[in-house]
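Breakdown of the fold
Chain by chain, the residues:
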Amino acid sequence: MTVVSFTVPGVPVGKGRARFVRATGHAYTPSKTRAYETLVKVMAKQAMRGRKPFSEACAVFIHVLLTPPQSWSRTKWDFALGGGRWPTGKPDLDNYAKIVVDACNGVVFDDDRQVVKLTATKTYHKSNVVTVEVETIATRMAAG
């Protein structure tokens, strides 16, 4: 099988920038980024069910689903959930995609350089979740 899908529950987190300690010159990854990347990796491993990572070119489809702000009225919520409004705030969509793709390294595919197609969306939804689908390009080509 050359397709894997999984869901990452909870509030999505975008990839944080590396931080530097001036005194020592060392760089570190923010703890929130490390924790979420670990969660994505765990969900990806479960979805792989012991299979080896893909070694060929891959397409990755990421859907970031966010709840509207609690401060919004019910009317505004319903409008957003119906597709009338898009989540344009931070984190940026590319930071969500980056954390997912990086977490899949060595788990779903050997290396993220194999990702030759990346589709990502950020929409409002009744719950916070990220859905991910990775398939080899050979599968995509065979399907037409």
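Everything below is about the structure printed above this text.
Reference entry: report on the structure contained in this document. (Residues numbered from 1 in each chain as written. Predicted model: local features only at pLDDT ≥ 70, side-chain atom pairs only at ≥ 80, totals over all residues. Heavy atoms only, no water.)

1. A look at the overall build of the protein chain
Each helix and strand in the protein chain was counted, giving 4 helices and 6 strands. The helix and strand sequence of the protein chain, counted from the amino end, reads β-β-β-α-β-α-α-β-β-α. For the protein chain, the spread of C-alpha atoms along the principal axes amounts to about 55 × 50 × 25 Å. Residues classed as buried in the protein chain amount to 35% of the 144 residues present. A sequence separation of at least 24 residues applies to 83% of the contacts in the protein chain between residues at least 6 apart. On the protein chain, roughly 8600 Å² of surface is accessible, and the fraction owed to carbon and sulfur atoms is 55%. (Helix = DSSP H or I, 4+ residues; strand = E, 2+ residues; numbered from the N terminus. Buried < 20%, exposed > 50% of the residue type's maximum accessible area, 1.4 Å probe, protein only. Contact = heavy atoms within 4.5 Å. Areas by Shrake-Rupley, 256 points an atom, 1.4 Å probe, with all protein chains shown as cover.)

2. As for the pattern of salt bridges
Going through the model one piece at a time under the given rule, you end up with 5 salt bridges. Residues Asp-102 and Lys-98 are paired through a salt bridge, measuring 3.2 Å at the closest nitrogen-oxygen approach. Taken together, the residues Asp-102 and Lys-98, both in helix α3 (residues 93-104) and 4 residues apart, mark about one turn of the helix. For Lys-98, a relative accessible area of 41% puts it in the partly exposed group. Members of the salt-bridge network, linked through shared partners, are Lys-15, Glu-37, Lys-98 and Asp-102. (Salt bridge = Lys/Arg side-chain N within 4 Å of Asp/Glu carboxyl O.)

3. Observations concerning the layout of surface pockets
Approximately 330 Å³ is the volume found for the largest pocket. In terms of lining residues, the largest pocket is bounded by 15 residues, among which Gly-14, Lys-15, Gly-16, Pro-91 and Asn-95 are the most central. Along the lines of polarity and charge, the residues of the lining of the largest pocket split into 5 nonpolar, 4 polar and 6 charged. (1 Å grid on protein atoms, 1.4 Å probe; cavity = no way out; pocket = protein on both sides within 12 Å on 5 of 7 lines; lining within 4 Å. Points joined across faces, edges and corners; volume = space filled by probe spheres on them. Nonpolar A, V, L, I, M, F, W, Y, C, P; charged D, E, K, R; others polar.)

4. Some words on helix α1 (residues 31-48)
Between its terminal C-alpha atoms α1 stretches 26 Å, which fits the 26 Å expected from 18 residues at 1.5 Å a residue. Among the residues of α1, those classed as buried are Thr-33, Tyr-36, Glu-37, Val-40, Met-43, Ala-44, Ala-47 and Met-48. One side of α1 carries all its buried residues, which in axial view fall inside an arc of 140°. Relative to its buried face, α1 has exposed residues pointing more than 90 degrees away, namely Ser-31, Lys-45 and Gln-46. (Expected span 1.5 Å × (residues − 1). Arc of directions from axis to C-beta.)

Limitation: the analysis is restricted to geometry and does not speak to function.
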